[in-house]
Structures are given as C-alpha cells and as structure tokens.
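Examination of the molecular architecture
Now for the letters of each chain:
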Amino acid sequence: MRPRRDGRRRGIGLLAAALITAPALAGCGSDDQGVVLRFYTPADGATQYAQAAADCTEAAGGRYRIEQRTLPRQADEQRLQLARRIVGGDETLDILGMDVTWTAEFAEAGWIRPFPPRVADQVRQGTLEAAYETGTWENRLFAAPLNTNTQLLWYRTDLMPGGRPPQTWDEMIDIAEQLATQDRPSWIEVQAAQYEGLTVWFNTLLTSAGGRIVGEDGTTVRLREGDATRQALGVMKRVATARGVDPSLSQRDEGASRLAMEDGNAAFQVNYPFVLPGIQENDGGSFIDERGNPTSRDTGRRVGDVFAWAPYPAVEPGGDANVTIGGLNLAVSSTSRYPPQAFEAVQCLRNRPNQLRNAIDGGVPPTLEALYTDPAFQREYPAWRAIKASLDDASVRPESPAYQSISIVISALLNPPSEIDPHAMVGELASQVEAAVNSEGLVP
Amino acid sequence: MTVAAPQRPAAGDARRSEGAKAERRLAAWLCAPAVIVMLAVTAYPIGYAVWLSLLRYDLRFPQEREFVGLSNYLAVLTDGYWWSAFTVTVAVTVVSVAIELALGLGLALIMHRTLFGRGTVRTLVLIPYGMVTVAAAFSWQYAWTPGTGYLANLLPEGSAPLTEQIPALAIVVLAEVWKTTPFMALLLLAGLALVPDDLLRAAQVDGAGPWQRLTRIILPMMKPAILVALLFRTLDAFRIFDNIYVLTRGNNGTASVSILGYDNLFKAFNLGIGSAISITIFICVAIIAFLFVKGFGAAAPGSEPEGRR
C-alpha cells in the first residue's frame, strides 16, 4: 500500500523527516521509551485530544505512548501537511485526525491503512451509520469516526412572524425580505465564501432536492439528472439576491456567520452547534432594541435571549433536509511503524469518555449513538434532539478520490452566489466536475 | 578579472599566459563551490520541475503516472482559469509598476534634494519595505473588511470591497504600491546620483525650466537605473503571491498565475499540471527579462525607454 517512490525521493524524504523530527527526538528521547505513537490532530480541540492521548497512554500500561501533535487550523493546510509528509515517507506519522472528506483520496492513494476486519466490526458497533459511512471506501473501513457534525437553522425568535421558524428556504427568504422592508435585521447567514463551506451548502441543497454530485462509484457525475441541480442553484441565487442581503455574504465562513448573528445583524444562520456555547461565552452578544436592531445602549436584552434553533430548512414544502455531515475520523498512516498498536490506540481515543469530553469541552457531537441518551451530553447540548434527527437524515459528501478538486471547482463556480444563473449553469457545473473527477485540466 | 597584456615581448608573453592559465585554474577552483551549490539548489529543481511537467502525475493516483509529453502545457494554455489568472497578473503588474515608477521618482527627487535629516527621511521612506509582507497584508485585510476595519467604514454602508473583483484588485495594487514604492525610490535615487550637477546648472543657465531639465537631462541620464528598477519590479510583480493569498485567497476572480500554480500543486496535488504552470510562469518571466535586457542595448539615450510598458 505504500506510495511508489524512487531512491532519490526516498533520500530527500528521509532527510526532510530527519530535519523535522530531530528536535522532537532530542526533546522527548522517545527512542528509549519504547513505542511512541504520534497522534496528529487539527488545532481546534487540540486540548481535548491531548487529554485523550494522555488517558490512553495510561490505559495502555506501558505498551505504547501516544503523543498528541497539533496541525494547522485550516483543513487545506492540515491535508497538505499530512499528504506531503506521507508521500515523503515520514515514519513519525501514526494516527491521523482526518476530515471526513479525505477518506477516499487518502485510501486510494495508499496513504492510510485499511482497518483489520475484526477492528472494523468493533468500530461499527454502536456508531452512527452516516458517520461510519464517511470512513469507508470501497466497502472497507479506512478511518474510524471520532466526532461528527451537522448544521441546524439558528434564528431570532423576536423577528419571526407568529414566533414560528421557517421550514423551507423560500419561507425563510420571504421572512427576511419582509424584515428588510421594516428596517429590521434581515441577513440570512450561510457559508458562501469560496471554500469548502460553499460546497457543503450546495451539497445539502442538492441532496435535499433529491440530487447527487457523483454516484456510488465516485466517478459517475450525476448533476445533469433530474431538476435537483437547478433547484439547488435557484435557492442559492435567491438567498444571495434577496432584499436586505448581507453585503459580505460571498466572504462568509462559519466563524463570520456566527459573529454576524451575535452582532445582531442577522435574523437567520445555518451553522454547526458550536454557535450555541459561542454566544453564551460572549454574554449573549450585542444588545438589541425593541425592534430587534443592534444597539450599544444597555437595553437589558441581548441577541442570546432570543436565540433559538430549528431543523435545517427543506428545499420543498413538506420535505426533509439532508444535511451534509462533517466531523473528524481517525486513520492509521501507511508509513507508521506500529500499525497494530495504532489501531488499538484509535479504539481507545474514540471511546465513550473521550467522545463525551470532545462533545462537552470541544463542542463537537459524538459518533457513538449511545451518548445521545447520556444525561451529561443532553445537559450540555440543549439542541441534542434536533442534532440527532439531523444526523439520522444526514447526507454524505461525494465519496471520490478527487473530492478536493470537485469541491474546489464547485466553490469557484458558485462564488459569488449572487451571479449564479440557475438554468445556464447546470451544464457547466457538470462538465467541470467531470473534468475534476478525472483529474483533467486545472483547478482554479 | 583576467589579466590581458597584449603589448609585451614574446618571452614574457609565454610566461604571463602560463601565469594567466594558473590564475584561471585557481579562479575555477574558487568558483566551483558556488557553482556546485547553485546547480544543486537551482538547476536541479528547475530540471526536475521540467521533467514533472511532462508527466501525468497526480499524487492521489500514483499508479497512473506516465509520460504525456506536452499535453499538460496544452491543458494549461487552453484553460480559461489560466488566461483569467494571466490577465489579472498582467493588469496588476502593469498598473502597480506604473504607479510605483511615478511615485518612486517623486520620492527619489525629494530624497535627493533633502537638505537636512537626509538619513531620517530615507529611513522613514523605507519603513513599508522593511515590514513583513504577510503582516502588512493582514492589516490591509482587516482594514478593508466591514466591521473590523477603519477603511471599510469610510465606504458607503454595505460595501465589502474585498468581495468584488475590481475593488479587490485595486486593494491588491494599493498594498503592492505601498509596500514596494520605497524600493523603487531607492533604486531611482542611486540613478539620480549619476546625474552631474554641472550639467543641470549649465542647462539652467541656457534657460531650461525644471520640467525640461527633468525630461531632457535627468530621465535620459537615469535611464539605465530606471530600466533596472522596472525590470526588478516587473519580475517581482509578475510573481505576486503573498498579498493576494492573504487578501482574497484568489477568490472572486483575483487569482494570479502563482496562486493558480499553488492551488494546482498543493490543493489538487497535481504535480504534472502544477509543474507545467510553474514552468510557464518561468518562461513568462524569462520573456519579460529578455525584453528588458534587449531594451538596454537597443535604445539610444534620449529615445523613449522601451521598458516602460
């Protein structure tokens, strides 16, 4: 399963590996401490992952030690670092915290090892189906789900006519336009910057309308089938050109969406559950006046007092939304020198206490179904029912080794969403995704 | 460096050429380490990139690696993304270098004429050039983002300049100009030192006004310095990466050719296409350098400098 290299590349890789690890070796003296498993995680939640590493080291009783290492904050940069080091033959990568979208790519390229069937069966036990799905490629488990994530609709109760949240995108846009004419907060916050978040938004709308980007095989493009693509693009266009739209919409990511809502300018956002602890940490965000507009005056009422959640809006009345799930999976690098120990450690790192800690301290929902009935979890996640329901209806992003290129061409083509032409763009989108799937041509 | 002494007696000549040979050998030995290092750190990577650009080589599909000749170049040159990035790059280069030349010349004239605090003035002017580009780019980014920035607040409500192509490119040009005008000014200042004061005084006595002195004497005398400054800045500007990467990440049609190369190499992991883009940029840069260098030899003093395009 190792990537092919010629001798010269190996030499460079070893040199690079030596340069990178020399300080680490000098610092930890890991050579005389037996098996050391290095656990690379994203920067977000690194504290919890480090605690899990410490707990699992203790549980191993000296058979191995797990050292947590932090990767950059941005997913693109995490992926780049991991891929570059594995291709270079870096043997100091053992356990990798992987975004759910990387599984097919890393598995197909031979950068991660398939789980032994026995371990895979144990991982499957009690794990949410959609989350398990994200870790598989060609019917084998390559990455064990640690955390998952799903979006909900977050809204302001004081701005809803009749106090009831909208159930479809069309309803939501109507309410927003009405608010705009009344000079009240009218922004709908979505992740529409040119990045992965925009692809996620499109994929959610597309699957909710009954479409798919690629088929099961990861290579057949299905964007031209039916009317779903045009419907999804139509919703995006309407959101981006509605009266009273957020002028920075085409630059918004999850964090910026959350802050726009906390500042009192937005009436709605579709976003991950981290926004709830987020607004509580910020004392409920901005003060709002009797019309709901943000004010610097101490009115005694803040955004947090009127902040609520609802299921993600559907595309068609009476339909369900199939929200694209996110999350973090754990894989074992093909360059690791200790695969058996690494697979064992993965099981410990994703056990119930560690997932509960990630959920409570890190704000990321767990992948073990049983935790959703745990009182400690429910206390921390007032929205747990909506989250669980959303996960049960979840859709998975297109599983394809070329996912990254697919995502890049989609987000480039659909940004800014205000310039989408729903009718004309279906064909162009499909042909660009086809080129990306075959890794032909350039990515923007 | 070599010793040339043609008018010597024959016997002495033989001896000297013997010495010259030895000296040349020594020179070769002394140069060798530098040449070897240069070969290792420049020739090898360039050669390797050329080789990669002829392969279909996507890190994600290692088993599909094969020799495909020039088809990667064909893919690059027939792709709309390349040409839009190329247009953006050329536009940013031309506009920013033109503005820098005008401002830099003004600054150079001021610095040249400063009577007191010369050192202080030059230091102050150089501050932007001394700043880390990425740090400066981040402060521009915050300044132009609605909500966090003082500059964005000066604009009409609801405008977000970094989200639209033309305003975003204008900000990129602004950041580039702010950053590198001092460098331009410094190079031009060195050129100004070449203009003899006697000549200017003579012209003044003959009745030439300030404008005539600038266009008829100072600029022609400075031409070599101007061309060097333009060459340096054009090559630099054509490879623009950091400002765009921080300000817009290449979104909304603001990607330069370097950003495009980076994305194909490091996001799509497509070594073949990415290398073909890099080599194409390299060729563009070589063409620009060639045009400028030819401009040096061809243009007679006083004629329109060819480099100013």
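A quick note: this is a predicted structure, and the numbers were derived from the prediction, not measured.

**What about a nonpolar patch on the surface?**
Residue and element names in this part refer to chain B. Together, Ile46, Val50, Phe282, Ile283, Ile287, Phe290 and Leu291 line one region of the surface with nonpolar side chains, adding up to about 620 Å² of accessible area. For the nonpolar patch, the secondary-structure elements that each account for two or more residues are α1 (10-53) and α12 (271-298). Top contributing element to the nonpolar patch by residue count: α12, with five residues.

**Topic: the pattern of salt bridges**
If the charged atoms of two oppositely charged side chains come close together, the side chains can form a pair. According to the stated counting rule, one finds 35 salt bridges over all chains in the structure shown. A single salt-bridge network, built from bridges that share partners, covers B:Glu100, B:Glu176, B:Arg233, B:Asp236 and B:Arg239.

**Some details on the environment of A:Pro247**
Structurally, the position occupied by A:Pro247 is in the loop between α9 (228-241) and α10 (254-262). Residue class for A:Pro247 comes out partly exposed when judged on its relative accessible area of 32%.

**Quick word on the nonpolar core**
Residues and elements named next belong to chain A. Residues Trp169, Trp201, Phe202, Phe268 and Leu414 are the most contacted members of the largest nonpolar core, which totals 54 residues. Put simply, the parts of the chain that give this core at least two residues each are β7 (152-156), α7 (169-181), α8 (196-208), α9, β9 (266-271), β12 (307-310), α16 (403-414) and α17 (422-437). Leave out the neighbours within four places in its chain, and Phe202 touches Ile213, Leu223, Thr229, Ala232, Leu233, Met236, Ile410, Leu414 and Leu429.

**Quick notes on the state of the cysteines**
Residue and element names in this part refer to chain A. Within the structure shown, the criterion is met by one disulfide over all chains. Here Cys56 engages in a disulfide with Cys348; their sulfurs sit 2.0 Å apart. Since a negative S-S torsion denotes a left-handed disulfide, the Cys56-Cys348 link at about -95° is left-handed. Of this pair, Cys56 sits in helix α2 (residues 46-59) while Cys348 sits in helix α12 (residues 339-349), placing them 292 residues apart in sequence. We note that Cys56, like Cys348, is buried.

**Let's talk about the confidence of the model for chain A**
Residues and elements named next belong to chain A. Here chain A shows a mean pLDDT of 88. Residues at 70 or above account for 93%. This stretch, residues 1-11, has a pLDDT under 50; its non-local contacts, to residues over four places away or in other chains, come to 21 contacts. Here residues 21-31 is a poorly scored stretch, pLDDT under 50, and it has eleven contacts once near neighbours within four places are set aside; other chains count.

**A look at the interface of chain A and chain B**
With 36 residues of chain A in contact, the opposing surface of chain B contributes 37 residues. A combined buried area of about 3000 Å² lies between chain A and chain B, and 52% of that area is made up of carbon and sulfur atoms. The salt bridge partner of A:Asp76 is B:Lys267, with a shortest N-O separation of 3.9 Å. Here chain A and chain B share four residue pairs in polar contact (both at pLDDT 80 or more) between them. The set of elements that each furnish at least two residues to the side of chain A that touches chain B consists of α1 (7-28), α3 (75-87), α4 (103-108) and α16 of chain A. Among the elements that line the side of chain A that touches chain B, the one with the most residues is α3(A), at six residues. For the side of chain A that touches chain B, a count of residues per class yields 16 nonpolar, twelve polar and eight charged.

**A short note on the sheet that holds strand β8 (residues 187-189) of chain A**
Residue and element names in this part refer to chain A. With mixed pairing, four strands are arranged side by side in an open sheet as β8-β9-β7-β12. Of all strands in the sheet, those bounded by a partner on one side alone are β8 and β12. Between one strand axis and the next, the sheet turns by 20° as a mean value, whatever way the strands run. Looking at chain direction, β7 and β9 are connected through four bridges and run antiparallel.

**Thoughts on the sheet that holds strand β6 (residues 144-149) of chain A**
All names here are of chain A. Reading across from one edge, β2-β1-β3-β13-β6 is the order of the five strands in this open sheet, with mixed pairing throughout. Each end of this open sheet is capped by a strand with a single partner; those strands are β2 (65-70) and β6. With direction set aside, neighbouring strand axes in the sheet form an average angle of 20°. The pairing of strand β3 (residues 95-99) with strand β13 (residues 326-332) spans five bridges and is antiparallel. Bridge pairing links Gly97 to Leu330 in β13. Sheet contacts for α3: β1 (36-41) and β3; angle to β3, the most-contacted strand, approximately 140°. Each of β1, β2, β3, β6 and β13 is contacted by α12, which is oriented at about 150° to β13, the strand it contacts most.

**Thoughts on the packing of helix α3 (residues 80-113) of chain B against helix α9 (residues 210-238) of chain B**
All names here are of chain B. Taken N-terminus to C-terminus, the directions of α3 and α9 make an angle of 140°; their axes are 10 Å apart at the nearest point. Taken together, the axis directions place α3 and α9 in an arrangement best described as oblique. As for how α3 packs across α9, the hand of that crossing is right-handed. Of α9, the residues touching α3 (which contributes Phe86, Thr89, Val90, Thr93, Ser96, Val97, Glu100, Leu101, Leu105 and Leu109) are Leu214, Leu219, Met222, Ile226, Leu230, Arg233, Thr234, Ala237 and Phe238. Each residue belonging to the contact of α3 with α9 can be placed in one class, and the counts come to 13 nonpolar, four polar and two charged.

**Quick look at the domain arrangement of chain A**
Accessible area lost upon the coming together of the parts serves often as the stated size of an interface. Residues and elements named next belong to chain A. You can read the domains of chain A as domain 1 (7-149 + 326-392) and domain 2 (152-211 + 222-323). Computed from C-alpha coordinates alone, the two centres of domain 1 and domain 2 are separated by 32 Å. At the junction of the two partners, domain 1 supplies nine residues and domain 2 supplies eight residues. With both chains or domains summed, domain 1 and domain 2 bury close to 740 Å², and 75% of this area falls on carbon and sulfur atoms. Our enumeration of links across domain 1 and domain 2 arrives at zero salt bridges. Between domain 1 and domain 2 we count zero residue pairs in polar contact (both at pLDDT 80 or more) in total.

**Considerations on the confidence of the model for chain B**
Residues and elements named next belong to chain B. Taken as a whole, chain B shows an average pLDDT of 85; of its residues, 89% reach a score of 70 or greater. Taken together, the stretch residues 298-309 has pLDDT below 50 and engages in twelve contacts with residues farther than four places along the chain or on a different chain. Here the predicted complex scores 0.77 on pTM and 0.72 on ipTM.

**A closer look at unusual backbone geometry**
All names here are of chain A. Note the cis peptide between Asn415 and Pro416, where omega equals -5°. Checked against the element boundaries, Pro416 lands in the loop between α16 and α17. Backbone geometry at Asp283 places phi at a positive 55°, although glycine is not the residue there. The residue Asp283 is located in the loop between α11 (275-281) and β10 (287-288) in this model.

**Description of the side chain of A:Asp158**
Residues and elements named next belong to chain A. Within the secondary structure, Asp158 sits in the loop between β7 and α7. A distance of 3.1 Å separates polar atoms of two side chains, one belonging to Asp158 and the other to Arg156. Once residues lying within four places of it in the same chain are set aside, the contact partners of Asp158 are Arg184, Ile288, Gly292, Arg301 and Val306.

**Focus: the packing of aromatic side chains**
One pass over the full model with this rule turns up 25 aromatic pairs over all chains. An angle of 70° between the planes, with centres 6.2 Å apart, marks the rings of A:Phe39 and A:Tyr49 as edge-to-face. One end of the pair, A:Phe39, is in strand β1; the other, A:Tyr49, is in helix α2, with ten residues separating them in the sequence. Classification of A:Phe39 by relative accessible area gives buried; the value is 1%. Here the aromatic cluster, defined as three or more aromatic residues joined through ring pairs, consists of A:Trp102, A:Phe106, A:Trp111 and B:Phe269. When the ring centre of B:Tyr57 is taken as origin, the NZ or CZ atom of B:Arg65, which lies over that ring, is 4.3 Å away.

The rules behind each value
- Residues numbered from 1 in each chain as written.
- Chains lettered and ligands numbered in written order.
- Predicted model: local features only at pLDDT ≥ 70, side-chain atom pairs only at ≥ 80, totals over all residues.
- Heavy atoms only, no water.
- Patch = residues over 30% accessible without salt bridge, like charges linked within 9 Å, V, L, I, M, F, W, Y side chains within 5 Å.
- Areas by Shrake-Rupley, 256 points an atom, 1.4 Å probe, with all protein chains shown as cover.
- Salt bridge = Lys/Arg side-chain N within 4 Å of Asp/Glu carboxyl O.
- Helix = DSSP H or I, 4+ residues; strand = E, 2+ residues; numbered from the N terminus.
- Buried < 20%, exposed > 50% of the residue type's maximum accessible area, 1.4 Å probe, protein only.
- Core = buried A, V, L, I, M, F, W, Y, C linked by side-chain atoms within 4.5 Å.
- Contact = heavy atoms within 4.5 Å.
- Disulfide = S-S within 2.5 Å.
- pLDDT = per-residue confidence, 0-100.
- Buried area = accessible area lost by both parts, 1.4 Å probe.
- Polar contact = N/O pair within 3.5 Å; in protein donor to acceptor, adjacent residues only side chain to side chain.
- Nonpolar A, V, L, I, M, F, W, Y, C, P; charged D, E, K, R; others polar.
- Pairing = 2+ DSSP bridges.
- Axes fitted to C-alpha atoms, helices over the stretch in contact; angles between N-to-C directions.
- Parallel < 35°, antiparallel > 145°, perpendicular 65-115°, else oblique.
- Left-handed = near helix turned anticlockwise from the far one by under 90°.
- Domains from an automatic or database assignment.
- Phe/Tyr/Trp six-rings, centres within 6.5 Å; stacked < 30°, edge-to-face > 60°.
- Lys NZ or Arg CZ within 6 Å of the ring centre and 35° of its normal.

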